[in-house]
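Reading the structure
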Amino acid sequence: MKGWNWQGFFEYLTNTYLFEGALVTLGLTAFSMTAGLILGFFIAVLRMSRFRILSTIASLYIWLFRGTPLLVQLIIIYTGLPQVGIKLSVIQSTLLGLALCEAAYLSEIVRAGITSVPRGQVNAARAIGMREAQIMRYVIMPQALRLIIPPLGNSVNSVLKTTSIASIISMEELLRRTQVLIQEKFLVLELFVVAAIYYLIMTTAWEFVQRRIEARLGKAYGQSAMTGL
Amino acid sequence: MSDAMPMFELQSVNKWYSPSFQVLKNCCLTVGKGEVVVVCGPSGSGKSTLIKCMNALEAVTDGRILVAGAEVTTPKADLPALRARVGMVFQSFELFSHMTILENLCIGQEKVLGRSREAAIAKANLLLERVGIAGQAGKYPGQLSGGQQQRVAIARALAMDPVAMLFDEPTSALDPEMINEVLDVMVSLAQEGMTMVVVTHEMGFARKVADRIVFMDAGEIVEVAPSETFFAAPQTDRARAFLSKILPH
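These figures come from a predicted structure and were not determined experimentally.

Broken down by element type, chain A carries ten helices and zero strands. Considering only C-alpha atoms, chain A reaches an extent of 75 × 50 × 25 Å along its principal axes. In chain A, buried positions account for 44% of the 229 residues. Put simply, of all contacts in chain A between residues at least 6 apart along the chain, 75% involve residues at least 24 apart.

As structure tokens, then:
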């Protein structure tokens, strides 16, 4: 039995190689949330379309990406697609996989927010002559945001951890870099604990950010809006 | 628009919610410029649907509706542009809950009419004063009473300089002590010559300002009569039955 190596633990806790890996994890998270939200918004709009074919396409998309593991999606994109001539780099595959998968989850959050806005608000906006795109931008989205922000915050927390799956196609984020070091140094427990601590720091920091955003959002609508419209 | 041209013209308007439920049956109505028309009738008679069709917030199944000569029931109609000319006030106010009172009055002026921020604010303040809500411009709708919110909603509609106003049961969601403050604003609008179509159960208001009463029942326009005639001598049994139920004995 080797026992716990404090020196190795502290050395890797302050290791720039792992710190950079954590930055990559943050970058992947920011990208998948942004791209996923934009794509998710359009999928949500499609899903609510009056046209059956469009809403069916959106439903199929959501069904497909929520019904299969991200791990499988990434492997298909990176390892499988070259077989049919589509060759994507590790980073391209990771970004594509994360964005496509997150979009499916986020579109449902966006849709729930949009459908929560009372129908009467849309009628009132129509009655003053606003066009559908203006209604979406000035009336529906600002109100939907109130409902979307809390689950969106939870998604960020979840995506921070989910990005670790990209290590399987050798994306050099935090977990992958941890494994690389383990193969060199054999400090298995110490290094995985360091990785866990990095993840904890990131999710905890986000929790503080999220709380501040929610507090500000609550304030912005006056007292009565706090107790729910 | 000439004075002779009617403000609203409904020609044989039919609307089915489902194949077995017809909510509007062959409704015909002409409302002249400057006229105040009150639409009354029992719940579920199609009053609200009728008035929403007049602003194309609801589609008709067949028939035509013209607003100041422009047809709103054709697929070619530019509905946002047509709706911008007609003000509408709803039973549940429907102020934009995420905007201040001032923003509620400015958004349409700026985004639909393309007015400058300064012009929109000036107009908004003028209207807020007129409906007695000056000094509350920075508040959110949830911080105002129902009566105040409805007066703001009227001001929001007026900010668009409408050629006519539609009111869909504007006082039905209000506590009794707030009804008059809203009706007072509507009375003064009527006296200034605004064309108004008002769905309401407030028969006192109808008596005071309505030129004509439209009585609806089961999706039909049963009776259209000058206000004095309607209250003094309703022509149909259905109108008599309705009046005997809602007028004080």
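Still more ground to cover, so stick around.
The next point concerns the pairing of strand S4 (residues 62-67) of chain B. All names here are of chain B. Pairing of strand S1 (residues 8-18) with S4 involves five bridges; the strand directions are antiparallel. Paired with Gln-11 across the bridge in S4 is Arg-64. Where S4 folds back on strand S5 (residues 70-71), the antiparallel hairpin that results is connected by two residues, among which Ala-68 adopts a positive phi of roughly 50°.

A separate point is the confidence of the model for chain A. Interpreting fine coordinate detail is not advised for predicted regions of low pLDDT. Residue and element names in this part refer to chain A. Here chain A averages 91 in pLDDT, while 95% of its residues score no lower than 70. Here helix H10 (residues 222-226) stands out as the element of chain A with the lowest mean pLDDT, 43, in contrast to helix H3 (residues 52-67), whose mean of 97 is the highest. Taken as a whole, residues 223-229 scores under 50 in pLDDT and shows ten contacts with residues more than four places along the chain or in a different chain.

This part takes up the interface of chain A and chain B. Each side of the interface is counted separately: chain A has 23 residues, and chain B has 26 residues. The junction of chain A with chain B conceals about 2100 Å² of combined surface from both sides, 59% of it contributed by carbon and sulfur atoms. Considering only the surface of chain A that becomes buried against chain B, Ala-127, Ile-128 and Tyr-138 of chain A emerge as the three largest contributors, covering 27% of it. At the junction of chain A with chain B, the criterion picks out one salt bridge.

For the rest of this paragraph, the subject is empty space enclosed by the protein. Taken as a whole, this structure holds two cavities of 30 Å³ or more when the rule is applied. For the largest cavity, the calculated volume is near 40 Å³. Every residue along the wall of the largest cavity is listed here: Ala-124, Ala-127 and Ile-128 of chain A together with Val-86, Gly-87, Met-88, Arg-156 and Ala-157 of chain B. Secondary-structure elements contributing two or more residues to the lining of the largest cavity are helix H6 (119-127) of chain A together with strand S6 (86-89) and helix H5 (146-158) of chain B. No other element matches S6 of chain B, which puts three residues into the lining of the largest cavity. Its residues assigned to classes, the lining of the largest cavity comprises six nonpolar, one polar and one charged.

Next up on the list: the layout of surface pockets. Space inside the largest pocket adds up to approximately 1000 Å³. Lining the largest pocket are 33 residues, and of these Arg-50, Arg-119, Val-122, Arg-126 and Glu-132 of chain A lie nearest its centre. Those elements that provide at least two residues to the lining of the largest pocket are helix H2 (16-47), helix H5 (90-116), H6 and helix H7 (132-162) of chain A together with helix H2 (79-84) of chain B. With five residues, the top contributor of residues to the lining of the largest pocket is H7 of chain A. Of the residues assigned to the lining of the largest pocket, the class counts are 23 nonpolar, four polar and six charged.

What follows concerns the packing of aromatic side chains. Using the criterion set out here, one finds eleven aromatic pairs over all chains in the structure. Where Trp-6 of chain A meets Phe-9 of chain A, the ring centres are 5.8 Å apart and the plane angle is 85°; that geometry is what we call edge-to-face. Of the two residues, Trp-6 of chain A and Phe-9 of chain A are both situated in helix H1 (residues 6-13); the distance of three residues between them amounts to about one turn of the helix. On the accessibility criterion, Phe-9 of chain A (8% relative accessible area) is buried. Centroid distance Tyr-17 of chain B to Phe-21 of chain B: 5.8 Å. Interplanar angle 40°. Geometry classified as tilted. Owing to a relative accessible area of 41%, Phe-21 of chain B belongs among the partly exposed residues under this scheme. Chaining the aromatic ring pairs together yields one cluster made of Trp-4, Trp-6, Phe-9 and Phe-10 of chain A. The aromatic ring of Phe-208 of chain A is capped on one face by Arg-211 of chain A, whose charged end is 5.7 Å from the ring centroid.

Residue and element names in this part refer to chain A. The geometry of helix H4 (residues 70-80) relative to H5 is characterised by a closest axis approach of 9 Å and an angle of 140° between their N-to-C directions. When the interaxial angle is binned, H4 and H5 end up oblique. H5 is crossed by H4, and the crossing has right-handed handedness. The residues of H5 that touch H4, namely those facing Leu-70, Gln-73, Leu-74, Ile-77 and Tyr-78, are Val-90, Ser-93, Thr-94, Leu-96, Gly-97, Leu-98 and Cys-101. Of the residues belonging to the contact of H4 with H5, the class tally is eight nonpolar, four polar and no charged.

The next thing to look at is the sheet that holds S5 of chain B. Residues and elements named next belong to chain B. Taken in spatial order, the four strands make up an open sheet running S2-S1-S4-S5, and their pairing is antiparallel. Either end of the sheet is taken by a strand with one partner, and the two such strands are strand S2 (21-31) and S5. Judged from the seven bridges that link them, S1 and S2 form a sheet pairing that is antiparallel. In the strand pairing of S2, Val-13 is matched with Cys-27.

Definitions and cut-offs
- Residues numbered from 1 in each chain as written.
- Chains lettered and ligands numbered in written order.
- Predicted model: local features only at pLDDT ≥ 70, side-chain atom pairs only at ≥ 80, totals over all residues.
- Heavy atoms only, no water.
- Helix = DSSP H or I, 4+ residues; strand = E, 2+ residues; numbered from the N terminus.
- Buried < 20%, exposed > 50% of the residue type's maximum accessible area, 1.4 Å probe, protein only.
- Contact = heavy atoms within 4.5 Å.
- Pairing = 2+ DSSP bridges.
- pLDDT = per-residue confidence, 0-100.
- Buried area = accessible area lost by both parts, 1.4 Å probe.
- Salt bridge = Lys/Arg side-chain N within 4 Å of Asp/Glu carboxyl O.
- 1 Å grid on protein atoms, 1.4 Å probe; cavity = no way out; pocket = protein on both sides within 12 Å on 5 of 7 lines; lining within 4 Å.
- Points joined across faces, edges and corners; volume = space filled by probe spheres on them.
- Nonpolar A, V, L, I, M, F, W, Y, C, P; charged D, E, K, R; others polar.
- Phe/Tyr/Trp six-rings, centres within 6.5 Å; stacked < 30°, edge-to-face > 60°.
- Lys NZ or Arg CZ within 6 Å of the ring centre and 35° of its normal.
- Axes fitted to C-alpha atoms, helices over the stretch in contact; angles between N-to-C directions.
- Parallel < 35°, antiparallel > 145°, perpendicular 65-115°, else oblique.
- Left-handed = near helix turned anticlockwise from the far one by under 90°.

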